[in-house]
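# Remarks on the overall topology
The residues making up each chain are set out below.
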Amino acid sequence: MATLAEMAVEVLTTANGREKTAISRANAARWVAARGAGDDIAVGHAAPPAFPARPERPELVSPRDVPRRKPGSPDGRIALLHAVAHIELNAVDLHWDLIARFTDVSMPPGFYDDWVKAADEESKHFNLMSDCLEALGSHYGALPAHAGMWRAAEDTAGDLMGRLAVVPMVLEARGLDVTPGMIEVFRKAQADDAVAALETIYSEEVAHVAYGSKWFHFLCGRDGLDPKPEFHALVRRYFHSTLKPPFNEEKRAEAGIPPDFYWPLTNEA
């Protein structure tokens, strides 16, 4: 039987988005079923690729070269859905990479339960966005996409605490800030399917941010570190920008990230 790390690498080395997410969901179900039956799958060790396999399209470009479209227009709404689909596919890879890359760090089984669940949900989110795009006559890959999203993974490839600080606690927390505005764009357009899909993503992303906060605090406690200054130091080291308000303080608090974690990292600090 494949180990969990080997199952993670299987996802990371699959290029097509629909195939990647199908394998992701099947492997997640296999892990959950084994855990429920008391027949645990070994975490094991594997060598994840430096960069996950990706389809030929979308073309990956610099963030400044991604075309800007007004979100109120039909083309703008397609572009917005495409951007979210791209984020979700990156999230699938980020979570499986987190599982495979840090197996040298001893972590409780619950760590793997959380990130397998997150990877499974991100797979569902990508498919929801792809379904919305296809309903509008488009598809994932039809537009250029942001090439910089994997940088956080590359920068933190040797630092589990850095990965937790930057990916779930900064990048995914940003999703909590911006998703309500996106939902409103599609609500005004009476795009009910997109509203429902984005509301699902919004509700489930809170838990992914919370997993980051939980395991970051776990590692700080185990190593005798003060979480807040450690978080600030890691974000300043690995995140190549400042955090930008407005913040969704209610959802961030629900995910276990209080304001004194993120406000000092803004330009207003």
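The structure this text deals with has already been given above.
Figured I'd write up the structure that's included with this text.

Parameters and conventions
- Residues numbered from 1 in each chain as written.
- Predicted model: local features only at pLDDT ≥ 70, side-chain atom pairs only at ≥ 80, totals over all residues.
- Heavy atoms only, no water.
- Helix = DSSP H or I, 4+ residues; strand = E, 2+ residues; numbered from the N terminus.
- Rg over C-alpha atoms; globule rule 2.2 N^0.38 Å.
- Buried < 20%, exposed > 50% of the residue type's maximum accessible area, 1.4 Å probe, protein only.
- Areas by Shrake-Rupley, 256 points an atom, 1.4 Å probe, with all protein chains shown as cover.
- Axes fitted to C-alpha atoms, helices over the stretch in contact; angles between N-to-C directions.
- Parallel < 35°, antiparallel > 145°, perpendicular 65-115°, else oblique.
- Left-handed = near helix turned anticlockwise from the far one by under 90°.
- Core = buried A, V, L, I, M, F, W, Y, C linked by side-chain atoms within 4.5 Å.
- Contact = heavy atoms within 4.5 Å.
- Polar contact = N/O pair within 3.5 Å; in protein donor to acceptor, adjacent residues only side chain to side chain.
- Expected span 1.5 Å × (residues − 1).
- Arc of directions from axis to C-beta.
- 1 Å grid on protein atoms, 1.4 Å probe; cavity = no way out; pocket = protein on both sides within 12 Å on 5 of 7 lines; lining within 4 Å.
- Points joined across faces, edges and corners; volume = space filled by probe spheres on them.
- Nonpolar A, V, L, I, M, F, W, Y, C, P; charged D, E, K, R; others polar.

### Thoughts on the overall build of the protein chain
Helices and strands together make up the secondary structure of the protein chain, namely ten helices and two strands. Of the regular secondary structure in the protein chain, the N- to C-terminal order runs α-α-β-α-α-β-α-α-α-α-α-α. The C-alpha radius of gyration of the protein chain comes to 18 Å, within 12% of the 18 Å expected for a compact globule of 269 residues. Taken over the C-alpha atoms alone, the protein chain extends approximately 50 × 50 × 30 Å along its principal axes. Every one of the 269 residues in the protein chain was classed for burial, and the buried ones make up 49%. Of the roughly 12100 Å² of accessible surface on the protein chain, 53% is carried by carbon and sulfur atoms.

### Comments concerning the packing of helix α6 (residues 160–188) against helix α7 (residues 192–223)
Viewed as axis vectors pointing N to C, α6 and α7 meet at an angle of 160°, and their least axial separation amounts to 8 Å. Looking at the two axes, α6 sits roughly antiparallel to α7. Viewed along their axes, α6 and α7 form a crossing whose handedness is left-handed.

### Observations regarding the nonpolar core
Within soluble globular proteins, side chains that are nonpolar tend to cluster in buried spots. Of all hydrophobic cores here, the largest spans 76 residues; its most connected members are Trp96, Trp115, Met129, Phe216 and Phe231. Discounting residues that sit within four places of it in the chain, Trp115 has contacts with His95, Leu98, Ile99, Leu164, Pro168, His208, Tyr211, Gly212 and Trp215.

### Brief notes about the side chain of Asn248
The topology assignment puts Asn248 in the loop between α8 (227–238) and α9 (249–254). Residue classification places Asn248 among the buried residues on the basis of a relative accessible area of 15%. Looking at Asn248, its side chain comes within polar contact range of the main-chain oxygen of Leu176, at 2.9 Å. In contact with Asn248, not counting residues within four places along its chain, are Leu176, Asp177, Pro180 and Tyr202.

### Quick notes on helix α2 (residues 17–36)
Along its 20 residues, α2 runs 28 Å from first to last C-alpha, staying within 8% of the 28 Å computed at 1.5 Å per residue. Turning to α2, its buried residues number three or more, namely Gly17, Lys20, Thr21, Ser24, Asn27, Ala28, Trp31 and Ala34. Taken down its axis, α2 places every buried residue within 155° of arc, on the same side. In the core, the buried residues of α2 are packed alongside α1 (4–12), α3 (74–101) and α4 (109–135). Where α2 begins, the capping side chain belongs to Asn16, and its oxygen is found 3.0 Å from the backbone nitrogen of Arg18. Two residues or fewer past α2, Gly38 is found with a positive phi of approximately 70°.

### Re empty space enclosed by the protein
Throughout the structure, instances matching the rule amount to two cavities of 30 Å³ or more. Here the largest cavity is characterised by a volume of approximately 40 Å³. What lines the largest cavity is simply Leu94, His95, Leu98, Trp115, Arg163, Leu164, Val167 and Pro168. When residues of the lining of the largest cavity are traced back to their parent elements, those giving at least two are α3 and α6. The dominant element in the lining of the largest cavity, judged by the number of residues it contributes, is α6, at four residues. Tallied by class, the residues present in the lining of the largest cavity amount to six nonpolar, one polar and one charged. Quantified by volume, the second largest cavity comes out at close to 40 Å³. Considering only residue class, the lining of the second largest cavity consists of five nonpolar, four polar and one charged.

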